[in-house]
Protein chains: 2
Amino acid sequence: MGTIYDLAKKTGFSITTVSKALNNYKDVSDKTRAKILQAAAEMDYLPNAHAQSLSTKKSWAIGVMFSEANEVGMKHPFFNGIIESFRHATEEQGYDLIFASRNLRNRDMSYLEHFKHRAVDGIVVICSDRMDEQVQELMRSDIPIVVVDMDSANCSVVYSDNIEGARLAVNYLYELGHRKIAHIAGDETIDAGAARIKGYELAMQELDLPIRPDYLVNAGFFSVEEGKQAMERLLELDDQPTAVFVAGDQMAIGVIEAIHEHGLHVPNDISVIGYDDIEMIQYITPKLTTIRQDTDEIGEAAAELLLEQMTAKERLTERRVIPVRLVERASCAPVKQ
Amino acid sequence: MGTIYDLAKKTGFSITTVSKALNNYKDVSDKTRAKILQAAAEMDYLPNAHAQSLSTKKSWAIGVMFSEANEVGMKHPFFNGIIESFRHATEEQGYDLIFASRNLRNRDMSYLEHFKHRAVDGIVVICSDRMDEQVQELMRSDIPIVVVDMDSANCSVVYSDNIEGARLAVNYLYELGHRKIAHIAGDETIDAGAARIKGYELAMQELDLPIRPDYLVNAGFFSVEEGKQAMERLLELDDQPTAVFVAGDQMAIGVIEAIHEHGLHVPNDISVIGYDDIEMIQYITPKLTTIRQDTDEIGEAAAELLLEQMTAKERLTERRVIPVRLVERASCAPVKQ
DNA sequence: CCTCTTCCCGAAAGCGCTTTCGGTAATTTG
DNA sequence: CAAATTACCGAAAGCGCTTTCGGGAAGAGG
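Residues numbered from 1 in each chain as written. Chains lettered and ligands numbered in written order. Predicted model: local features only at pLDDT ≥ 70, side-chain atom pairs only at ≥ 80, totals over all residues. Heavy atoms only, no water.

Participant: How should the overall build of chain A be read in this particular structure?
Facilitator: Looking only at helices and strands, chain A has 12 helices and 14 strands in total. Along the longest, intermediate and shortest principal axes, the C-alpha atoms of chain A span 90 × 35 × 35 Å. Seen as two clouds, the 35 positive and the 53 negative side-chain charges of chain A have centres 9 Å apart. (Helix = DSSP H or I, 4+ residues; strand = E, 2+ residues; numbered from the N terminus. Lys, Arg positive; Asp, Glu negative; His and termini not counted. Charge placed at Lys NZ, Arg CZ, Asp CG, Glu CD.)

Take a look at the structure:
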């Protein structure tokens, strides 16, 4: 492969000139540039990224961090869509993504430390847990950062319009004639969970429907199992809801399971609407009606906000709320008389 | 944050000694080491990874490349499990993962070039397409590499025991009384597809069952839609199979859909067995019986093989075949008389 | 023909770290 | 107590690149 020095020797120019030719400086003639480029191609020359970063202080790398309760990492059916889209958008600008470990040869360090060590140009964190100390630390730092799925006044954030999404769901059920609408919620320590609860309550008020405490059950951290358990609690009620708005698709899967095991039918006995629109829910029975979050757009927006900061070389704090929409499938039906 | 030079000034030692203290050289006394470490902690000193890599020629980074037909990247429900497990295993050793773009500031380069540019210590490629020229190039290079889900004599590889998996599936159906067993296959250009076909044929022979060309249908690249179309072709047959072994879970979902749309019942009319055991299939109706590939173990094995090469600093060519097992759920039933 | 620009190019310092090698002081050995 | 180890530390070169700044050559202007 060779170094820039080899290239200089081969072409007879100084390494300064070679470097300039490679980097499109204008104070090198077309002729010598051509020669150098040709020689570079011949010897398969590639600049060493580390050396470049060392001298330019720009690494062309973006650090990514996941922070979610269930520790599934890239298997997360919603977050991985966002990351994939984010990757596409940043790739176009020449950035690489680096998934940092928290382990530097036996010494374990924080993500912030690791990212500083790696000298990344920016950080994207996909976070559901607002209490995560590691995330807090990242947000306090002065590295360009964008946080996805969480709100904060101190840095650029992007998330879906959860309030509107919840309202969409409740209104839809209302229009189907439902009045006893329950909400199986995500934990309030998670922004998305809290916002959807708020949206639910708002919508219920707007519709002059009572907000019954027994119709609002916290199902924790969005897993199938937790959804199932939450639904079982609703099914124990004397006065059962006729429809339930579930804060996440995975939970909704558990919800439907619970309903079926109880000998009831979705949607004939109970209507269920989910949130996220992850891939698998179009294959379950019944196909789940849900509020779709646009992972593509979220990822792109995140990339945009981060790139903006990286080129501006200053910390910005923009908030981008991505619209959601209702996807009608087969898990909701008009209320029985 | 400061550099090693600041640390030297602060402690009064030379940068040589500081570096040695930080790197646990033994020719520095415990006392001075303690002083230096303390000072380092006080000023939040972190070594610059680029400078380190430049001088040690070790980057503590592993390049990862995905190569699959459907371009879903990290959304791939099977591959992302492998990558997640791989990440865990390499993280423990202090390695970071880098997802390279193919774009270096307008100049687009091959993955190999990019990985050389980044000076990664090793490469993991998760590959289904054996014709991918980029992958070929990587395999020809001299960087430590491990390839997942594909076979090759030229580098370390890890994949599931597809032949045995197919055999397991066919035998299972046979034991349920099925004799008309079809195979909806992945494309033969994909190793996994080819191997499962081979396993299917082998098993059929062993059971003295005829291998009918019309019972072996190529469904391409493992998507739901392709599976559905393939099943539709089987359903057009005068002499329909009573059971079908599908080379991938996603295809199996499409297969079941086709059967249902045809007014038939799974498993009462036709038994279906899949391959992979991706998460979502336990939530569909009926829950899919399948051959489970152990993504955790595959990822770990890949990490092991790669780490081995990286520490040995030489290219090894070990082959690791991971066992599979049958997971019985509800999509197969005894044949109707 | 001389001066002033403009165009090209290169010397050298610097980015932050590692590692070889040699040297001094302290310690051990006989 | 002299000689031989041993323990500890630092000068300096090097990793591969960028960028400032100055200087020479060529062209433009008077």
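Participant: Help me out: how do you make sense of the domain arrangement of chain A in this one?
Facilitator: Each assigned domain of chain A is listed with its residue range as follows: domain 1 (4-47), domain 2 (61-160 + 296-324) and domain 3 (162-293). Each of domain 1 of chain A and domain 2 of chain A has a C-alpha centre, and the two are 37 Å apart. (Domains from an automatic or database assignment.)

Participant: Any chance you could explain the protein's contact with DNA strand C here in plain terms?
Facilitator: Close to DNA strand C lie 28 residues; Lys20 of chain A together with Ile4, Tyr25, Tyr45 and Ser55 of chain B are nearest. Among atoms of DNA strand C positioned within 4 Å of the protein, sugar and phosphate together represent 61%. The contact in question runs from a phosphate oxygen of DNA strand C to an N or O atom on the side chain of threonine 32 of chain A, over 3.0 Å. Of all the secondary structure elements, the ones that give two or more residues to the surface near DNA strand C are α2 (15-22) and α4 (49-56) of chain A together with α2 (15-22) and α4 (49-56) of chain B. (Near = heavy atom within 4 Å. Polar contact = N/O pair within 3.5 Å; in protein donor to acceptor, adjacent residues only side chain to side chain.)

Participant: I tried to follow the protein's contact with DNA strand D on my own but got confused; where do I start?
Facilitator: Near DNA strand D, the surroundings consist of 28 residues, among which Ile4, Tyr25 and Ser55 of chain A together with Lys20 and Thr32 of chain B are the closest. Close to the protein, within 4 Å, the atoms of DNA strand D are drawn from sugar and phosphate at a rate of 62%. For DNA strand D, a phosphate oxygen lies 2.5 Å from a polar atom in the side chain of tyrosine 25 of chain A. Counting residues per element, the ones that place at least two in the surface near DNA strand D are α2 and α4 of chain A together with α2 and α4 of chain B. Grouping the constituent residues of the surface near DNA strand D by class yields 10 nonpolar, 14 polar and 4 charged. (Nonpolar A, V, L, I, M, F, W, Y, C, P; charged D, E, K, R; others polar.)

Participant: Would you explain the environment of glycine 299 of chain B in this entry?
Facilitator: Residues and elements named next belong to chain B. Along the chain, glycine 299 falls in helix α12 (residues 295-312). C-alpha separation for the pair glycine 299 and aspartate 249, spaced 50 residues apart in sequence, amounts to 19 Å. In this structure glycine 299 touches Ile82, Ser85 and Phe86, once residues within four positions along its chain are discounted. (Contact = heavy atoms within 4.5 Å.)

Participant: It is not clear to me how the relation of the copies chain A and chain B should be interpreted in this structure. Could you clarify?
Facilitator: One chain copy maps onto the other through a rotation about an axis and a shift parallel to that axis. Note on the copies: chain A fits chain B at an RMSD of 0.1 Å, the axial shift is 0.0 Å, and the rotation between them is 180°. Classification of the inter-copy transformation places it as that of a two-fold axis. Interface residue correspondence from chain A to chain B reaches 98%, placing this contact among same-surface, isologous pairings. (Least-squares fit on C-alpha atoms with pLDDT ≥ 70 in both.)

Participant: For this particular structure, what's the right way to read the pattern of salt bridges?
Facilitator: Close approach of charged atoms allows side chains of opposite charge to pair. Enumeration according to the criterion identifies 42 salt bridges over all chains in this entry. The salt bridge partner of glutamate 84 of chain A is arginine 87 of chain A, with a shortest N-O separation of 3.3 Å. With a gap of 3 residues between them, glutamate 84 of chain A and arginine 87 of chain A both fall in helix α5 (residues 79-91), about one helical turn apart. Residue classification places glutamate 84 of chain A among the buried residues on the basis of a relative accessible area of 4%. Among the residues examined, arginine 87 of chain A registers a relative accessible area of 14% and is labelled buried. Notably, a salt bridge pairs aspartate 277 of chain B with arginine 292 of chain B, separated by 2.7 Å at the nearest N-O pair. With aspartate 277 of chain B in the loop between β11 (271-276) and β12 (289-292) and arginine 292 of chain B in strand β12, this pair connects stretches of sequence that are 15 residues apart. Within the structure, one salt-bridge network assembled from shared partners comprises Lys180, Arg212, Asp214 and Asp239 of chain A. (Salt bridge = Lys/Arg side-chain N within 4 Å of Asp/Glu carboxyl O. Buried < 20%, exposed > 50% of the residue type's maximum accessible area, 1.4 Å probe, protein only.)

Participant: What should I look at first to understand the sheet that holds strand β14 (residues 325-327) of chain B in this one?
Facilitator: The strands making up a sheet are joined through hydrogen bonds of the backbone, oriented either antiparallel or parallel. Residue and element names in this part refer to chain B. Read across the sheet, 6 strands follow the order β9-β8-β10-β11-β12-β14 without closing on themselves; strand pairing throughout is mixed. The open sheet has two edge strands, β9 (216-218) and β14, and neither has a second partner. Neighbour-to-neighbour, the strand axes of this sheet turn through a mean angle of 20°, independent of strand direction. Note that β11 and β12 share 4 bridges and pair parallel. If you follow tyrosine 275 over to β12, its bridge partner there is isoleucine 291. On the sheet, helix α8 (residues 162-175) packs against β8 (181-185), β10 (243-246), β11, β12 and β14 and is oriented at approximately 165° with respect to β11. Of the strands in this sheet, β8, β9, β10 and β11 touch helix α9 (residues 191-206), which is tilted by about 170° from β8. (Pairing = 2+ DSSP bridges. Axes fitted to C-alpha atoms, helices over the stretch in contact; angles between N-to-C directions.)

Participant: What am I meant to see in the side chain of threonine 90 of chain A here?
Facilitator: Residues and elements named next belong to chain A. Positionally, threonine 90 belongs in helix α5. Among the residues examined, threonine 90 registers a relative accessible area of 1% and is labelled buried. In this structure, threonine 90 is in contact with Ile62, Tyr95, Leu97 and Ala303, ignoring residues within four places of it in sequence.

Participant: Can you walk me through the interface of chain A and chain B in this structure?
Facilitator: For interface size, the figure often reported is the accessible area lost on association. On the side of chain B, 54 residues touch chain A, which itself brings 55 residues to the contact. Taken over both partners, the interface formed by chain A and chain B buries close to 4,900 Å², and the fraction arising from carbon and sulfur atoms is 56%. Remark: the boundary between chain A and chain B carries 2 salt bridges. The closest approach of N and O atoms between aspartate 96 of chain A and arginine 118 of chain B, which form a salt bridge, is 2.7 Å. Inspection of the region where chain A meets chain B yields 22 residue pairs in polar contact (both at pLDDT 80 or more). (Buried area = accessible area lost by both parts, 1.4 Å probe.)

Participant: What's the story with the sheet that holds strand β14 (residues 325-327) of chain A in this structure? I'm lost.
Facilitator: Residues and elements named next belong to chain A. Across the sheet, which stays open at both edges, the 6 strands sit in the order β9-β8-β10-β11-β12-β14 with mixed pairing between neighbours. Bordering the open sheet on either side are β9 (216-218) and β14, each of which pairs with just one other strand. Sheet twist, expressed as the mean angle between neighbouring strand axes with direction ignored, is 20°. Relative to β9, strand β8 (residues 181-185) runs parallel, the two being bridged by 3 bridges. Bridge assignment links histidine 183 to a residue of β9, and that residue is leucine 216. Across the sheet, helix α8 (residues 162-175) touches β8, β10 (243-246), β11 (271-276), β12 (289-292) and β14, and the angle it forms with β11 is around 165°. Strand contacts of helix α10 (residues 224-235): β8, β9 and β10, with the helix running at about 150° to β8, the strand carrying the most contacts.

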